[in-house]
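Structural characterization, general
Residue strings, one per chain:
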Amino acid sequence: MTIGQALANLRKSEFRSRFHLTAQDRAYVTSKGLPVIRQHAADFVWKRLAPAEIPNDGRQTPMRGHPVFVAQHACACCCRGCLEKWYKIPKGTELTQAQQDGIVDLLMAWILREMH
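This is a predicted model, so every value here is computed, not measured.

The number of helices and strands found in the chain is six helices and zero strands. Listing each helix as α and each strand as β along the chain from the N terminus yields α-α-α-α-α-α. Its C-alpha atoms give the chain a radius of gyration of 13 Å, within 12% of the compact-globule value 13 Å for 116 residues. For the chain, the spread of C-alpha atoms along the three principal axes comes to 35 × 30 × 25 Å. Here the chain holds 116 residues, and the buried ones make up 41% of them. If you take every contact in the chain between residues at least 6 apart in sequence, the share linking residues at least 24 apart comes to 67%. If you sum the accessible surface of the chain, you get close to 6500 Å²; carbon and sulfur atoms cover 56% of it. Side-chain charges in the chain split into 16 positive and 10 negative, and the spacing between the mean points of these groups amounts to 6 Å.

Turning next to the environment of H40. Within the secondary structure layout, H40 lies in helix α3 (residues 34–48). In sequence terms H40 and K12 are 28 residues apart; their C-alpha atoms lie 27 Å from each other. Every residue in contact with H40, bar those within four places of it in the chain, is listed here: Y28 and H66.

Conventions adopted
- Residues numbered from 1 in each chain as written.
- Predicted model: local features only at pLDDT ≥ 70, side-chain atom pairs only at ≥ 80, totals over all residues.
- Heavy atoms only, no water.
- Helix = DSSP H or I, 4+ residues; strand = E, 2+ residues; numbered from the N terminus.
- Rg over C-alpha atoms; globule rule 2.2 N^0.38 Å.
- Buried < 20%, exposed > 50% of the residue type's maximum accessible area, 1.4 Å probe, protein only.
- Contact = heavy atoms within 4.5 Å.
- Areas by Shrake-Rupley, 256 points an atom, 1.4 Å probe, with all protein chains shown as cover.
- Lys, Arg positive; Asp, Glu negative; His and termini not counted.
- Charge placed at Lys NZ, Arg CZ, Asp CG, Glu CD.

Rendered as C-alpha cells:
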C-alpha cells in the first residue's frame with residue numbers, strides 16, 4: 001500500500017479522520033523543523049512500536065502532547081493492534097527497519113498535509 005492509498009483509506013474512517021494538529025502542534029512543528037520532527041517520529045516508532053512484545057500495547061501512545069502522537073492515532077500507527085488491523089503487520093514480531101521507515105514516512109506525510 002502506498003502512502004497516498006493509506007491516507008485515502010484513513011480519511012474514510014470516521015475515527016481516524018477526527019484527528020488534526022492543533023495550532024500549538026503546528027507551532028511546535030514550525031519551531032523545531034521537519035528534520036527534528038522526523039527524528040522524534042523515528043524514536044517513538046523504534047521505542048514504542050518496533051519491539052516484538054510491548055507490555056502496555058494499546059496504551060503506549062498518548063492522544064496529545066506531541067504532533068507525532070496525534071499523527072500516530074490519525075494514521076493507525078499507535079499500537080501493534082492497529083498496525084495489524086490496518087497494515088497487516090503481525091503482532092509478536094519485531095518491526096524491520098524498512099517497516100519502521102515506512103511508518104515514519106506515513107506519519108510525516110500526514111503531518112505535512114496538516115501543516116498546509
